[in-house]
Every structure is written in C-alpha cells, then in structure tokens.
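Residue-level structure breakdown
Letter by letter, the chains look like this.
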Amino acid sequence: MRVALLTGGGDCPGLNAVIYAAVRKGIQTYGDEFIGFLNGWRGVLDNNWIPLTLDSTDGIQLKGGTILHSSRTNVKKIPGGIEKVQEVLKTNNIDALIALGGDDTQSVTLFLSEHGVPSVGVPKTIDNDINGTDTTFGFDTAVSIATEAIDRIRTTADSHNRVIVVEVMGRDAGWIAYASGIAGGAHVVLVPEKDIDIEHVCALLKYNYDHGKHYGVVVVAEGCHLPKVGQIMGDAKTDSFGHARLSGIGEALAKLIEEKTGFETRSVNLGHTQRGGVPTAFDRLLGQRYGLHAIDMVHDKKWGRIAVLKGLDVTDITIKEAIASNRRLDERFFNVIKDLEAKV
Ligand code: F6P
C-alpha cells in the first residue's frame, strides 16, 4: 500500500516516535511505501510532501517536535477543501492516510473518512484530554518538564519569601496542572474543572506562612476561571477551530493574591517549554506502540477509527467516540488534590 502520514495541531513530544514505528513496520512487515504531508492538513491542500523511508526516519523516535511540521488547518471550513484533499490523495496514489492529532485534527479525519477517504487516527496532545484513551503521548513529557520547573521555582520562592504562581497548559482540562502540581508538591493546585475559591487559596498560603514556611507555590491551569472574570485570553484571536488563546491567568491570580494577603507574589507562565524538547522514555515507547497499531489498523481497513491505550493494551475505538467530548478531571482527582492540601 502507499500510505500518507501527517501531524496536525499543536506539536507534542512523541510524534516522531509514531512516524518512526509506522514507517518501520509498514515497510518491513507489509512492504508499504510512505509519504509525509508537511504542515498538517495544509500540506495535503498544497500537495506538499516528502518521501518517508527507513533511512530518512532512522533515529527520529528520539527527537522532539515533528519532522513533518504542523498547522491548525480546518479542511471542513475551506470551500472545496474536501474535494481538494480527495484530488491530491488520488494524484499521489494514496491508499490510506494516518493522521496524528488531537480532537480538532481528528474531527477532520472523521469527516474525510465519512467522505470515502480511507483514514485512521492516532491521538496526540500534551493536554491528555482525548476521550477513550488512558493517556496520550506528550502528556508525560509535559508533566515532567512542568514538575522540574516547579522544583526550581520552589527554591527561589523559598529564598525570597515569595509566593510564585506557575501557569501551565492544558486548555479546558486540568491534567497537566493536577499531575505536575501534585508531583511538584505545590501548596495550591488549581484546575479548570473547579471554580477558583480565592479566599481558600489565600487561606492555604497564609497557613504556610503561619507554619514556618515563608513562601508558597501555586500551580494554575491556563483554562481556570477567575471569579467574576472567567477565562483569561492572551489576545482576541481564535484559531481555525474557534479556540481562543488562553494565557494570563497566572499573572492575574498573582496580583489578586498579593492584594489579598500582602505576600510578595510573582508569576511564571511555562508556555511552550512544556511542548518542546525530547520525549520521555514513556512517550517514546507509547508513541512507537501507537505507530505500530496505526499501520495494523490500515491493513485491517479500520477506517474512521483511532488508536487508544486501555490499561496495558493499545487498541482502537471510533474517532466519533474519541472526539464526542473532552476528557476532564473528575471527583477522583479532585479528592487527591483536596486530601493533600493543608487543612485550613
Ligand atoms: O492543545 C495543546 C496546547 O499546547 C494547549 O495546552 C494550549 O492552550 C495550546 O495548545 C497552545 O496553542 P498554540 O501553540 O497554538 O499557541
């Protein structure tokens, strides 16, 4: 078969591991040929691609980013987009498409597979918010980077007797904040699934100052809602899937904390450092397992389905199910945060 791969949406460590494994098994086991469209769905519309071979993908499973580059391109919104995709795939004799991406990219994969394009998906996002999979690759790396940053912030917060608010990514899901906040021993962990109770935040920090620690570390997810204000947007722009750029809750919260407690407070937005650099061992392994499963899905003609991790197994579900809603934190995880907080 002649198979095309693409990576869409925000990049994430582990993408290259998926490409590596799919190409390797496809060529060695099935005798496939591969091309990679550049810049996500944009590359399909532009007929912009590179050949993928054993040589050209050698060693990429260790690298961060994506050798195929990425974009947030919504084919469904482009007049004639679907026809153009069909034409380009036909011109290049493509028998199947493997799309690596989060819910936005997969909404396009689903749309195309419903319009006769033989395609399958691989779930990608540092946000870990895709339904039906225990974890997406990239999440573990983002959490490790954020945890290391929190460790570093703790010592400088301590030296200067300050509160430092650390803003982490995750959109409307609090997975990164929850995991890095707990792993990093933050005194306050705030997730978008719960409204911020500013009086409680200040009480937790005062408890610290009253009990011999004259500093505090707060981890806040970028998608948290500030009372009476709501989510904070970096600017008024939205992407082609209608998502606003969330950024700034850390700074706003730091100001409020300082006003209310009198403690000197700073904020740090970890931003894209969370998506950069090499993947952790976990993400390299998970990415490669997803890649192996994706090429098997292609040969089993499992169109419109997406690879998922369930317990120890990589299996697949329909893309429809995977993108029906976002997977968010629930009571089990709120209880972890609550049980580890100071009792104020
Ligand atoms: O979905 C992944 C993510 O990193 C979110 O956590 C974040 O809100 C968004 O992408 C940032 O997007 P961009 O790279 O387009 O600024």
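Residues numbered from 1 in each chain as written. Predicted model: local features only at pLDDT ≥ 70, side-chain atom pairs only at ≥ 80, totals over all residues. Heavy atoms only, no water.

1. Quick word on the overall build of the chain
Operational definition: Counting from the N terminus, the helices are DSSP H or I runs at least four residues long and the strands are E runs at least two residues long. Throughout this description, buried means an accessible area under 20% of the type-specific maximum (1.4 Å probe, protein chains only), exposed means over 50%, and partly exposed covers the range between. Should any heavy atoms of two residues lie within 4.5 Å, those residues are considered in contact. Only the protein chains shown count as cover for residues, and the accessible areas themselves come from Shrake-Rupley with a 1.4 Å probe. Positive charge is attributed to Lys and Arg, negative charge to Asp and Glu, and no charge count is given to His or to the chain ends. Where a charge lies is defined by one atom per residue type, namely NZ (Lys), CZ (Arg), CG (Asp) and CD (Glu).
Per the secondary structure count, the chain includes 11 helices and 13 strands. With respect to the three principal axes, the spread of C-alpha positions in the chain is 70 × 40 × 30 Å. For the chain, with 344 residues in total, the buried portion stands at 55%. Here the contacts in the chain between residues at least 6 apart in sequence split such that 74% fall between residues at least 24 apart. When the accessible area of the chain is evaluated, it comes to approximately 14,300 Å², of which 51% is carbon and sulfur surface. Each charge sign in the chain was given a centre, from 37 positive and 43 negative side chains, and these centres are 1 Å apart.

2. Some details on the state of the cysteines
How we decide: We call a pair of cysteine sulfur atoms a disulfide when they lie within 2.5 Å.
Enumeration according to the criterion identifies 0 disulfides in this entry. With no disulfide of its own, Cys202 lies closest to Cys224 among cysteine sulfurs, the gap being 15 Å.

3. Digging into unusual backbone geometry
The phi torsion at Asn47 lies on the positive side, around 50°, for a residue other than glycine. Residue Asn47 is classed as partly exposed on the basis of its relative accessible area of 34%. With a phi close to 60°, His69 is a non-glycine residue in the positive phi region.

4. A look at the packing of aromatic side chains
Using the following cut-off: Note on ring pairs: Phe, Tyr and Trp rings are taken, using the six-membered ring of Trp, and paired if centres are within 6.5 Å. Classes follow the plane angle, with under 30 degrees stacked, over 60 edge-to-face and the rest tilted.
Within this structure, the stated rule accounts for 4 aromatic pairs. When the ring of Trp175 is compared with that of Phe333, the centres are 5.0 Å apart and the planes differ by 70°; the resulting orientation is edge-to-face. A residue pair is termed long-range when its members are at least 10 positions apart, and Trp175 in helix H6 (residues 175-183) and Phe333 in helix H11 (residues 331-340) qualify at 158 residues. Residue classification places Trp175 among the buried positions, given a relative accessible area of 6%. Accessibility expressed as a relative area gives 17% for Phe333, which makes it buried. A ring pair is formed by Tyr178 and Phe333, whose centres lie 5.3 Å apart and whose planes are at 80°; its orientation type is edge-to-face. With Tyr178 in helix H6 and Phe333 in helix H11, this pair connects stretches of sequence that are 155 residues apart.

5. Digging into the pattern of salt bridges
To keep things clear, this is the line we draw: The term salt bridge refers to a pairing of a side-chain nitrogen on Lys or Arg with a carboxyl oxygen on Asp or Glu at a separation within 4 Å.
What the rule picks out here adds up to 17 salt bridges. The partner of Arg42 in a salt bridge is Asp46, with the nearest N and O atoms 3.3 Å apart. Classification of Arg42 as partly exposed rests on a relative accessible area of 32%. Of the residues examined, Asp46 reaches a relative accessible area of 43% and is grouped as partly exposed. The partner of Asp330 in a salt bridge is Arg332, with the nearest N and O atoms 2.7 Å apart. Looking at Asp330, the relative accessible area reads 28%, which means it is partly exposed. Put simply, Arg72, Arg171 and Asp239 are held in one network by salt bridges that share partners.

6. Some remarks on helix H5 (residues 139-159)
Filter applied, for reference: To estimate the expected span of a helix, subtract one from its residue number and multiply by 1.5 Å.
With 21 residues, H5 extends 31 Å from end C-alpha to end C-alpha; this agrees with the ideal 30 Å at 1.5 Å per step. Within the sequence span of H5, burial applies to Phe139, Thr141, Ala142, Val143, Ala146, Thr147, Ala149, Ile150, Ile153 and Ala157.

7. A short note on the site of the ligand
Stated precisely, the cut-off is as follows: Working definition: residue near molecule or strand if any one of its non-hydrogen atoms lies within 4 Å of it. By the criterion applied in these results, polar contacts are pairs of N or O atoms within 3.5 Å in which, for protein atoms, one can donate a hydrogen and the other can accept it, and in which residues neighboring in sequence qualify only through two side-chain atoms. By the convention adopted, Pro, Cys, Tyr, Trp, Phe, Met, Ile, Leu, Val and Ala count as nonpolar, Lys, Arg, Asp and Glu as charged, and the other residues, Gly among them, as polar. Segmentation into domains, and thus their bounds, comes from an automatic or database assignment.
Taken together, the neighbourhood of the ligand is formed by Arg72, Ile126, Asp127, Met169, Gly170, Arg171, Glu222, His272 and Arg275. Between an oxygen atom of the ligand and a side-chain N or O atom of Asp127, the distance comes to 2.7 Å. Between the ligand and Arg275 there is a distance of 2.9 Å, counted from an oxygen atom to a side-chain nitrogen or oxygen. The fraction of the free accessible surface of the ligand (400 Å²) that becomes covered by protein chains is 82%. Tallied by class, residues from the shell around the ligand come to 2 nonpolar, 2 polar and 5 charged. Residues from two domains meet in the shell around the ligand; each of domain 1 (2-137 + 279-322) and domain 2 (141-276) gives at least three.

8. Section: the domain arrangement of the chain
Note the threshold: Here the quantity called buried area is the accessible surface, traced with a 1.4 Å probe, that two parts lose on coming together, added over both.
Taken domain by domain, the chain holds domain 1 (2-137 + 279-322) and domain 2 (141-276). Relative placement of domain 1 and domain 2: their C-alpha centres are 33 Å apart. A combined buried area of about 1,500 Å² lies between domain 1 and domain 2, and 52% of that area is made up of carbon and sulfur atoms. On inspection of domain 1 and its partner domain 2, the count reaches 2 salt bridges. The partner of Asp11 in a salt bridge is Arg275, with the nearest N and O atoms 2.9 Å apart. Taken together, the connections running from domain 1 to domain 2 amount to 8 residue pairs in polar contact (both at pLDDT 80 or more).

9. Re the pairing of strand S1 (residues 2-7)
Applied cut-off: Note on pairing: DSSP must find at least two bridges between two strands before they are called paired.
Buried residues dominate S1, accounting for 6 of its 6 residues. Alternating residues of S1 divide into Arg2, Ala4 and Leu6 and Val3, Leu5 and Thr7, and every residue in both groups is buried. Strand direction decides the pairing type here: S1 and strand S2 (residues 33-37), joined by 4 bridges, are parallel. The residue bridging Arg2 from the neighbouring strand is Glu33, located in S2.

10. Things to note about the nonpolar core
The criterion, for reference: The criterion is simple. A nonpolar core is a set of buried Ala, Val, Leu, Ile, Met, Phe, Trp, Tyr and Cys residues joined through side-chain atoms within 4.5 Å.
If you look at the biggest cluster of nonpolar residues, it comprises 80 residues, and the most contacted ones within it are Leu5, Ile98, Leu190, Val218, Leu253, Ile257 and Tyr290. At 8 residues, H5 tops the list of elements feeding residues into this core. Apart from residues no more than four positions distant in its own chain, Val218 is found in contact with Val163, Ile164, Val165, Val166, Val188, Leu190, Leu205, Leu253 and Ile257. One finds Trp41, Leu89, Ala99 and Val117 within the second-largest nonpolar core, a separate group that totals 19 residues.

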